Amino acid sequence: MGFSTTVGTAAAAPLPHMIHKPTHRHCYSNSSCSSTSPAAAVRWRSWRPQLSPPPVPVPPQVLLPLRRPQQPSPANNPRRLPTKPSPRRPVVDAPDHSSHNDADGDECSSSSGRNVKNSSCTPTDVLRLMDVLQLPVDEDLYVSLIKECAEYRDAAQGARVYAHIRRSLPDLLRRPAGLHLANRLLFMFGACGHQHVARQLFDQMHFRDATSLAVVIAALSAGGSHGDALRLFVEMCVRSGGRSPVLEPGVCWLEALVTVLRSCARTRELGFGRQVHGLALKVLGGDDAVLLEPVGESLIQFYSRLGHHGSAVKLFEGTRSQSAAAWTCMISGYTREGRFKEAIGVFREMGRAGRRKNCHVFSSTLSACAKMGDGGWSGKQVHAAAIKLGTSSDGFVCSSLVDMYMKHELPTEAQRAFATMDGMRDCVCWKSLLIGYARSGCGMEAVKLLYEMKAAGINLQESIVHEAMTSLDILKQVQET
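Note that this is a predicted model, so its numbers are computed, not measured.

**Things to note about the UniProt feature "repeat: PPR" (unreviewed entry) in the chain**
When the UniProt feature table is mapped onto this chain, "repeat: PPR" (unreviewed entry) is found at residues 323-357 and 426-460. Measuring from the first to the last C-alpha atom of residues 323-357 gives 10 Å, for a span that is 74% helix and 0% strand.

**Digging into helix H23 (residues 443-455)**
In a regular helix each residue adds 1.5 Å, so 13 residues correspond to 18 Å; H23 covers 19 Å between its end C-alpha atoms and thus fits that length. Of the residues making up H23, those classed as buried are Ala446, Leu449, Leu450 and Met453. On an axial view of H23, the arc spanned by its buried residues comes to 105°, and they lie on one face. Opposite its buried face, H23 presents the exposed residues Met444, Lys448, Tyr451 and Ala455, each directed more than 90 degrees away.

**Regarding the environment of Cys429**
Looking at where Cys429 falls in the secondary structure, it is placed in helix H22 (residues 427-440). Take Cys429: its relative accessible area is 0%, and that puts it in the buried class. Measuring from C-alpha to C-alpha, the distance between Cys429 and Cys398 comes to 7.8 Å, with 31 residues separating the pair along the chain. Setting aside its immediate chain neighbours within four residues, Cys429 contacts Ser399, Val402, Phe418 and Met421.

**Description of the packing of aromatic side chains**
Within this structure, the stated rule accounts for five aromatic pairs. With 4.9 Å between their ring centres and 85° between their planes, Phe316 and Trp327 make a pair best called edge-to-face. With Phe316 in helix H15 (residues 309-318) and Trp327 in helix H16 (residues 324-336), this pair connects stretches of sequence that are 11 residues apart. With respect to class, Phe316 is no different from Trp327; both count as buried. Geometrically, the ring pair formed by Phe347 and Phe362 is edge-to-face, given 5.5 Å between the ring centres and 65° between the ring planes.

Rules used in this analysis
Here the residue numbering is sequential within each chain, running from 1 through the sequence in written order. Local features are withheld for residues below a pLDDT of 70 in this predicted model, meaning they are given only at 70 or higher, and side-chain atom pairs are given and counted only at 80 or more; totals for whole chains, interfaces and linings count all residues. Neither water nor hydrogens contribute to the side-chain values; these are computed over all heavy atoms in the structure. UniProt positions are given in the numbering used here, feature names are shortened, and annotations may be inferred rather than shown by experiment. Secondary structure elements follow DSSP: runs of H or I no shorter than four residues count as helices, runs of E no shorter than two count as strands, and numbering proceeds from the N terminus. By this rule, a helix spans an expected 1.5 Å times one less than how many residues it contains. Exposure is judged per residue with a 1.4 Å probe applied to protein chains only, and the accessible area is read against the type maximum: over 50% gives exposed, under 20% gives buried, and values in between give partly exposed. Regarding the arc, it is the one traced by the directions from the helix axis to the C-beta atoms. Contact between two residues is taken to exist if any of their heavy atoms lie within 4.5 Å; hydrogens are not considered. Stacked, tilted and edge-to-face are the three classes applied to pairs of Phe, Tyr and Trp rings, where Trp contributes its six-membered ring and a pair requires centres within 6.5 Å; stacked means planes under 30 degrees apart, edge-to-face means over 60, and tilted covers the rest.

Structure below.
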């Protein structure tokens, strides 16, 4: 169907529904469809799709760098409460901005001592955010923050959390409802190595229980204050007014008894330890109950260390659940008394009983093998058992192997054991190998080992070098004569 391209003066304008829009692309450029009329030009204007404008690029969000608290070095806190290894915090990767570095760089270097890029949120940041938002902090949040400070051994952050508790909830720690939070604070300060702060907080507590007693005694014992731990235990046991917390039912007081027995062994308080033994019999209700608990292992270790090996043997024979720690105490007790064959016999009996041996069992047994006069034959058997169980590369086992082989003048086997050690080699292992080389007449190997120790960063004590050189001089004089 055709259309006229001329428009008459008298003719009416065509209706819109009479004009058909082309549906094919070739109609836009066809010559037959072109027209010189302005109305037709408007009517037949080529159609183009409406394109959306390009998206505006959104700048990436900038993550503010958060500070990470400084973890105290092991040299500053030599004694700590035994806990599991602490996990690493999630790292927030943030770009390097000069404004943030200028503002927070000095503060981060002074408080945490770490780079701003490798940082994470701290308990202080959480409390500061809660204060800015004017949100109340409940007891559960305080407990979570204190637990985190205890995991990372961050005493500075823990002190700030404690100050925030005293500022926001001053009466919480004075009520029975705040006893759980106070015990958490005690454990945190004890785990961070601040035993004096834990003791001050314990003295200020209006309400105490067996958990409070166990935590403070464990903190004092771990810090080396064994006498204070024993005096506090006696004070709590004879305290007038009400029942003593140590006799309350529960599990925490068992840990308190274990810690007290360990302190008795360190201070060699035989009479006090026997009184604690009697208290355990009174509370638990007989020998069978005592031997089933961790107190039995502590009693075996206590009597074995103080030279009463007969009492330790009686307790060991009556113990039903004999753990690796109990077997290690028996082996160490026989070795301490010079009964090396009996010590090795306990090791073999442990294998026949199907008990799992750990690195401490092998280390104690190798100490007995080093003093046997069999030319290292028993030590080689124990070494083979360690290889079979996969503990031959442990640091304790390797140090004992080096010492045992060197005492039997077997430097080749000692060098092999030294080469298979995993991780960092301690000074005892280096010293055992050096003295063994010197006593065996391997002067060149001893000199090479001295240079290796220096390259490895081992502090060369004058006593070690003097002992090695003296052994070489004595050996040369013997050979000359």
